[in-house]
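Analysis of the macromolecular model
Spelled out, the chains give:
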Amino acid sequence: MKSDATGRVDDAPTGVFAQGMSLEDKAALTAGTDMWTTAAVPAHGIPAVRMTDGPAGARGPNRSPSVALPSGIALGATWDRQLMVEVGEVLGHQSRTKGARVVLAPTVNLHRSPLGGRTFESFSEDPLLTGQLAAALIRGVQSQGVAATVKHFVANEAETDRFVSNSVVDERTLRELYLLPFEIAVKDGRVQALMTGYNRVNGVWCGEHRELLSILREEWGFEGFVVSDWYAVGSTVDSILAGLDIEMPGPARTFGSHLADAVRDGRVSEETIDAAVSRLLSVFERIGALDDDAPGEEVSVDLPDHRAIARRAAQGSMVLLRNESVLPFDVDSLRTIAVVGPNADQAQIMGGGSATLEPHYRVSPLEAIRRRLGDRVEVTHEPGCDTTVTLPSLDIDLDEAFFDSDGNEVLRRKASTTRFLYFGPPSEELGDRWSMTATGVFTPTDDGVYEIGLVQSGRGRVLIDGEVVVDGVANPPPPSTRILGFGSDQIIGRVALKAGVSVEIKVDLSNESAPILVGAVVGVRRKPADDLLSRAIDAATKADAVVVVVGTNDDWESEGYDRTSLNLPGDQDELVRRICAANPNTAVVLNAGSPLDLPWAEDAPALLEIWFGGQEMSDALVDVLTGEADPGGRLPSTFPLRIEHTPAFGNFPGENGEVRYGEGLLMGYRWYDSRQLEVAFPFGHGLSYTEFEIGLPSMTIGQTVVVETEVTNIGDRRGVEVIQLYVEPVDPDVMRPRKELKGFEKVELGPGESTVVEFVLDVRAFAYWQPDGTDYGAAKERQASMQISAAPDEPEELKPTGWTVDPGKYRVHLGRSISDISHTVEVTL
Ligand code: BGC
């Protein structure tokens, strides 16, 4: 290990890769050149390297269609490490098809509040579950020659004020909760890259946080590179000295040539730049990127294997919350199924923000049910209510043409959706001012008034058969949080159309007033009827079975802002109540990325959570509804009874730019369990179609504590169970959450089959973090010198800082959720 003149400590292979390079070349490598690409240094054989967004798939710079995987919370609900390796392999492979060698995934921030805008994107409220699933996914990604980028380091759990907020978190809470998934990603996942958050932690910007970045490198042995979140770098010297290696995106605003200047005028040593460059290049070497000439072409590859893995992941994520013998449906006995709800004919398969991508295909629940059962059963549909915010875009063939400021056509290509998003000009020849037009054909299915919506980042308008219907050029709408915070409010125009009579739809868009991200979302739909609810009740009454698909969508749950309520949007509560009353053979399906308030839950004959499940979600739903697959998911986060009960209530999303993590260690189920608060559905909960018995555990105590138990499928069909192990300290010396997850194993067994599951508990399973007690010690010395109290004979020794296991008794619980414990054994350490 060596420390340079400016105080930065490095244990990287300093200089190895930087040898012989000019200061300018090295500095250039510390910043991107555009939105996704690092600099090339051809004289030294270093190619440009492309990055792509994740985590729900590899988006690629031009948004070419890709495998849409289930969102983070759905992956969290699988509790399946082996599956995560396979999901990671798909993500890694898909990243390569986008010419990328770095994928900006996974997101391992925790579900501190169910209102967090990016809750859908991250795995769980528990750090161990999050960390172990993330590590498995990372190993899968990296097996494909792609560096995974664990993000956002750290305490980045709210979107409100996201570019400036300050997370105020105590040391123990940071160590035991929020840092832990990163630690596991580094130690078990051997992750090659890490992205710092936009936020501050205890007053210091994440990208300038020496203390946190030195935990990463010196304590955990991280050997990869640290990249800023997009546009987050605010300083040249402080950031590089703290340990940030590369500023993204480019061109450089604070690193790059600014760092070369800092070296020249002595503010930063050249060895510091060498170390950063070495870390970056050693990752590129490890993943094989230095063998590329340049980033490969971006293509779309849709493979049967990838579909199958995405399908298994979606099936394995679905959580059966309640079931009064309604599911699985006995399809042979059904003549009609009513598929009801605002999400029934919409494929709400992902949340909003940088995790979005163009999927290979979108299939709505209605479409999947019709396709799979339509030849045997009559399938009817009613939306029941309207929760639309941004009108649904059209998936149609479009001709896209791009023009420079003189109106010369520079590029022409095909597009397949009326959602347009450009993270930079699609061609360098377009110059600073450019525009595009997209033209396609729309054929209405019904007569009536159609609403045409436009959200813009830039200046746009929509023309139907040559007539301007919505005009954001003449009347630009005010800004909003849409399009990653760069978009406008939606403006809506109306036009009368006839069923079967095709019209030309043309979108004009320029980059005027959109310095960073240019885009437009153009939506089209027939104006909804006024009697949606009564029509849905009527359809439900007439059907033999009902599937009500309720939830949110990527407007309600998105990066860029937090939710303001746990409630289902619109009139969905009323819809569910009325449908359940109208037909007892009803399955309520929740299609959302976060926990929701479900005041009618006890009246739902069956309740199935399908999350935002990616491109295979709707087919996996049919698999589960019909019993072709067991609902394999278990809750990765608590469903509280009401928002007022949640641990962060009163401290979320914070105020005046400050987010106080006031609940400390009692986050997620740790809060409800320790305080013995009733919840709607507990952490870890989920039903199978079969039944399992967890046998009496045996325990062997040595260097580790090994717990074994036999699990038997005592039902009459194949199924899936997740055995969860929680540790509870008995009479701890310090405040400890009551029970904490320390192990989990997922098993799949046929009827009558048994298997033995084993949990190995090391020291950390019993440990807590002892914070630095220097201040406490000094205060006690001062107290003694003031003779306020009699000095004890033996001065009390302060515990050393670090992971500490107090001797004493611990209970080890095995069960099916935090509140469904089958067996408890005691161990004395
Ligand atoms: C997000 C990151 C993302 C990056 C690039 C940021 O706004 O916070 O998660 O990877 O943009 O799209």
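Preceding block: the structure.
Residues numbered from 1 in each chain as written. Predicted model: local features only at pLDDT ≥ 70, side-chain atom pairs only at ≥ 80, totals over all residues. Heavy atoms only, no water.

As a further point, take the overall build of the chain. Along the chain, the regular secondary structure elements total 18 helices and 37 strands. Relative to the 2.2 N^0.38 estimate, which gives 28 Å for 829 residues, the radius of gyration of the chain is 28 Å and therefore close to what a compact globule would have. Overall, the C-alpha framework of the chain stretches about 90 × 70 × 50 Å when taken along its three principal axes. For the chain, buried positions account for 62% of its 829 residues. Nonlocal contacts in the chain, meaning residues at least 24 apart in sequence, comprise 76% of its contacts between residues at least 6 apart. Put simply, the chain shows about 31,000 Å² of open surface, and 46% of that area lies on carbon and sulfur atoms. Averaging the coordinates of the 75 positive side-chain charges in the chain and doing the same for the 125 negative ones gives two points 1 Å apart. (Helix = DSSP H or I, 4+ residues; strand = E, 2+ residues; numbered from the N terminus. Rg over C-alpha atoms; globule rule 2.2 N^0.38 Å. Buried < 20%, exposed > 50% of the residue type's maximum accessible area, 1.4 Å probe, protein only. Contact = heavy atoms within 4.5 Å. Areas by Shrake-Rupley, 256 points an atom, 1.4 Å probe, with all protein chains shown as cover. Lys, Arg positive; Asp, Glu negative; His and termini not counted. Charge placed at Lys NZ, Arg CZ, Asp CG, Glu CD.)

Around the ligand lies a shell of 13 residues, among which Asp-53, Arg-118, His-152, Tyr-198 and Asp-229 are the nearest. His-152 has a polar side-chain atom sitting 2.7 Å from an oxygen atom of the ligand. The side chain of Arg-162 places a nitrogen or oxygen atom 3.3 Å from an oxygen atom of the ligand. Alone, the ligand offers 310 Å² of accessible surface; in the complex the protein occludes 95% of this. Along the lines of polarity and charge, the residues of the shell around the ligand split into five nonpolar, two polar and six charged. (Near = heavy atom within 4 Å. Polar contact = N/O pair within 3.5 Å; in protein donor to acceptor, adjacent residues only side chain to side chain. Nonpolar A, V, L, I, M, F, W, Y, C, P; charged D, E, K, R; others polar.)

The next thing to look at is the packing of aromatic side chains. By the definition in use, this model includes 20 aromatic pairs. Summarising the aromatic geometry, the rings of Trp-79 and Phe-683 are spaced 5.3 Å apart at their centres and angled 50 degrees between planes, so their arrangement reads as tilted. With a gap of 604 residues between them, Trp-79 in the loop between helix H2 (72-78) and helix H3 (81-97) and Phe-683 in the loop between helix H17 (669-675) and strand S28 (692-694) connect regions that are remote in the sequence. Seen from their ring centres, Phe-120 and Phe-612 are 6.2 Å apart, and the 70 degrees between their planes marks the pair as edge-to-face. One end of the pair, Phe-120, is in the loop between strand S4 (100-104) and helix H4 (127-142); the other, Phe-612, is in the loop between strand S26 (606-609) and helix H16 (617-626), and 492 residues separate them in sequence. Neither Phe-120 nor Phe-612 differs from the other in exposure class; each is buried. Members of the aromatic cluster, each reached through a chain of ring pairs, are Trp-79, Tyr-669, Phe-683, Tyr-726 and Phe-744. The side chain of Arg-81 reaches across the aromatic face of Phe-744, ending 4.0 Å from its centre. (Phe/Tyr/Trp six-rings, centres within 6.5 Å; stacked < 30°, edge-to-face > 60°. Lys NZ or Arg CZ within 6 Å of the ring centre and 35° of its normal.)

Taken N-terminus to C-terminus, the directions of H3 and helix H11 (residues 304-317) make an angle of 140 degrees; their axes are 10 Å apart at the nearest point. With respect to H11, the axis of H3 lies oblique. Relative to H11, H3 is oriented so that their crossing is left-handed. Between H3 and H11, the residues in contact are Leu-83, Glu-86, Val-87, Val-90, His-93 and Gln-94 and His-306, Ile-309, Arg-312 and Ala-313, respectively. Broken down by class, the residue content of the contact of H3 with H11 amounts to five nonpolar, three polar and two charged. (Axes fitted to C-alpha atoms, helices over the stretch in contact; angles between N-to-C directions. Parallel < 35°, antiparallel > 145°, perpendicular 65-115°, else oblique. Left-handed = near helix turned anticlockwise from the far one by under 90°.)

Bringing unusual backbone geometry into the picture now. Of note, the amide linkage connecting Lys-151 to His-152 takes the cis form, showing an omega dihedral of -5 degrees. By secondary structure assignment, the location of His-152 is in strand S5 (residues 147-153). At the junction of Phe-652 and Pro-653, the peptide bond is cis and its omega measures out at 0 degrees in the coordinates. Along the polypeptide, Pro-653 turns up in the loop between H16 and strand S27 (658-660). Non-glycine residue Trp-79 carries a positive phi angle of around 50 degrees.

Here we take up the packing of H4 against helix H6 (residues 180-187). At a minimum axis separation of 8 Å, H4 and H6 run at an interaxial angle of 30 degrees. Between H4 and H6, the angle falls in the class roughly parallel. By crossing handedness, the relation of H4 to H6 is classed as right-handed. Across the interface between the two elements, Pro-127, Leu-128, Thr-130, Gly-131, Gln-132, Ala-135 and Ile-138 from H4 touch Leu-180, Pro-181, Ile-184 and Ala-185 from H6. Looking at the contact of H4 with H6 residue by residue, the class counts come to eight nonpolar, three polar and no charged.

In this structure, Phe-153, Phe-225 and Trp-230 are the most contacted members of the largest nonpolar core, which totals 117 residues. In terms of residue count, the dominant contributor to this core is H4 (nine residues). Sequence-distant contacts of Trp-230, that is, excluding residues within four places in its chain, are made with Met-35, Trp-36, Met-51, Leu-104, Met-195, Tyr-198, Met-248 and Pro-249. The next biggest cluster of nonpolar side chains, apart from the first, holds 40 residues, and it includes Ala-56, Phe-329, Val-547 and Ala-629. (Core = buried A, V, L, I, M, F, W, Y, C linked by side-chain atoms within 4.5 Å.)

Summed over the entire model, instances satisfying the criterion amount to 61 salt bridges. As a salt-bridge pair, Asp-489 and Arg-482 come within 3.9 Å of each other at their nearest N and O atoms. One salt bridge in this structure joins Arg-578 and Glu-574, with 3.2 Å as the shortest N-O distance. Linking Arg-578 with Glu-574, this pair stays in helix H15 (residues 572-582), spanning four residues, or about one helical turn. Its relative accessible area of 39% is what places Arg-578 among the partly exposed residues. For Glu-574, a relative accessible area of 33% puts it in the partly exposed group. Counted as one network, the salt bridges with shared partners bring together Arg-311, Arg-371, Arg-372, Glu-616, Asp-619, Asp-623 and Glu-628. (Salt bridge = Lys/Arg side-chain N within 4 Å of Asp/Glu carboxyl O.)

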